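What follows is each chain in one-letter form.
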Amino acid sequence: MRIVSESIKPFELRNELIDSAAGAYVGFEGWVRNHNDGQEVYHLEYEVYEFLAVKEGEKVISEAKERHPILRADCVHRSGLLEIGECAVWVGVISAHRDEAFAACRYIIDEIKTRLPIWKKEYYSNGDSGWVNCERCATHEQKAAS
Amino acid sequence: MRIVSESIKPFELRNELIDSAAGAYVGFEGWVRNHNDGQEVYHLEYEVYEFLAVKEGEKVISEAKERHPILRADCVHRSGLLEIGECAVWVGVISAHRDEAFAACRYIIDEIKTRLPIWKKEYYSNGDSGWVNCERCATHEQKAAS
Amino acid sequence: MKKKITVRYFAVFREQSGLAQELVTMEADTARDVFHGLKDRHGFGEPIGHCKVAINDELSDWDAIVNDGDTVFLFPPVAGG
Amino acid sequence: MKKKITVRYFAVFREQSGLAQELVTMEADTARDVFHGLKDRHGFGEPIGHCKVAINDELSDWDAIVNDGDTVFLFPPVAGG
């Protein structure tokens, strides 16, 4: 588990997993998409409490290995400002057979999204911004006083 | 759907899918592993009837799109002789959210493996070879008359 | 009435028959008849239920009718991926 | 007895409090007491059930005891990935 402030390079990360006993590789990437809940997204920012994010991420990866007979798994998450199309998170898993690789990859991304101290702030085309999942965190900020 | 006789380059294929509406990419790769059913594999060979493999592969991809609201999907399968560690098949799917990308990717690789006219011959370290799934196709060939 | 049928062989069937394709003249109503008419000659050991067939580049089933001039593709058990 | 506690704020809590961290002296048995003792002052609107807490760099729960000198991390709803 790593937190990086520079571009994630999924292919280099995939190459780090290579093992001649592996028959299956499943990779997941979360990309910054241009819309969310009907609003046009301009870019976004991840705030990460790195120490605990790494610790909890390592725990998630260990759990995935206990639940599924995989060979290797890793995860890298971005911090900082990201533009549309950038890779925000990468998860890669290798195993002898594909069942386990799919299941473990899915487990890791699901847990990463809900357990790690990582926060996402979306900046919209209309100038508004808001923290995702933070429905009642007072009002979302608005550039224009409306 | 493509059949290629040269190395599959997963990262180039992944890049062909990029779309700013996509929030999730799931990639599957089948790698030639060094063992199968307890035997040490030396290398393997795929025989492909390309015309029907492409046609049936396109059908599988269309079915995946009908069943799951994804943005784009593609699949490339190797033919010819492959060494340990080489990529035999790549499936890539993008969608707004990860559920559909995982489900569609899984659907495509499962169907590809059972429906396309593709045959795999394994060559073992002890000199034997055999067509995979072909349990009763007479005897597997053996180099030494034993 | 005998029909002229082009038969194409793949993988283990190609190896066992020693042929990539051949032109046969035989009594055959269905694709199943073609398979059974050739399996002993070429020593195909796999049960027909594990195999697939295509007629004129369309995946088909064993009960499909074959016509004079058709090309029949005999597919032993597949193993993609 | 009052305790000296370092509180660290993240994301919307950091913005709402205008602070990355502060040293507070307060009556508090549990992490829950720390949260409730500070939420009105800083205008935190999110229900505690949507939030998480860590004490001294260990993820914890709201009923965990806080001791004098501890660092308490207040985490608004997370959204990785």
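In what follows, the accompanying structure is described. (Residues numbered from 1 in each chain as written. Chains lettered and ligands numbered in written order. Predicted model: local features only at pLDDT ≥ 70, side-chain atom pairs only at ≥ 80, totals over all residues. Heavy atoms only, no water.)

### Looking at the sheet that holds strand S2 (residues 21-26) of chain C
Residue and element names in this part refer to chain C.
For step 1, the next point in the chain: Pairing within the open sheet is mixed, and its five strands lie in the order S2-S1-S5-S3-S4. Each edge of the sheet is formed by a strand with only one pairing partner; in this case those strands are S2 and strand S4 (58-60). Strand-to-strand, the axes of this sheet are offset by a mean angle of 30°, without reference to chain direction.
For step 2, the next point in the chain: The sheet contact formed by strand S3 (residues 52-55) and S4 spans three bridges and is antiparallel. The partner of Val53 across the bridge, within S4, is Ser60.
For step 3, the next point in the chain: Contacting strand S1 (3-9), S2, S3 and strand S5 (71-75), helix H2 (residues 31-42) runs over the sheet at an angle of about 110° to S2. (Pairing = 2+ DSSP bridges. Helix = DSSP H or I, 4+ residues; strand = E, 2+ residues; numbered from the N terminus. Axes fitted to C-alpha atoms, helices over the stretch in contact; angles between N-to-C directions. Contact = heavy atoms within 4.5 Å.)

### Some words on the sheet that holds strand S1 (residues 3-9) of chain D
Residue and element names in this part refer to chain D.
For step 1, the next point in the chain: Read across the open sheet, the five strands follow the order S2-S1-S5-S3-S4; overall the sheet is mixed. The open sheet has two free edges, formed respectively by strand S2 (21-26) and strand S4 (58-60), since each of these has just one partner strand. Direction aside, neighbouring strands of the sheet carry axes that sit 30° apart on average.
For step 2, the next point in the chain: As paired elements, S1 and strand S5 (residues 71-75) share four bridges and run parallel to each other. Across the sheet, residue Arg8 finds its bridge partner in S5, namely Phe73.

### Describing the interface of chain A and chain D
For step 1, the next point in the chain: With 28 residues of chain A in contact, the opposing surface of chain D contributes 24 residues.
For step 2, the next point in the chain: For the pair chain A and chain D, the summed buried area comes to about 2,200 Å², and 54% of that belongs to carbon and sulfur atoms.
For step 3, the next point in the chain: The tally of links between chain A and chain D comes to three salt bridges.
For step 4, the next point in the chain: Here Lys55 of chain A and Glu58 of chain D are joined by a salt bridge, their closest N and O atoms 3.4 Å apart.
For step 5, the next point in the chain: Run the count over chain A and chain D and you get 15 residue pairs in polar contact (both at pLDDT 80 or more).
For step 6, the next point in the chain: Listing elements by their share of the side of chain A that touches chain D, those giving two or more residues are strand S4 (39-48), helix H2 (50-67), helix H3 (98-115) and strand S8 (118-124) of chain A.
For step 7, the next point in the chain: Residues of the side of chain A that touches chain D, tallied by class, amount to 15 nonpolar, three polar and 10 charged. (Buried area = accessible area lost by both parts, 1.4 Å probe. Salt bridge = Lys/Arg side-chain N within 4 Å of Asp/Glu carboxyl O. Polar contact = N/O pair within 3.5 Å; in protein donor to acceptor, adjacent residues only side chain to side chain. Nonpolar A, V, L, I, M, F, W, Y, C, P; charged D, E, K, R; others polar.)

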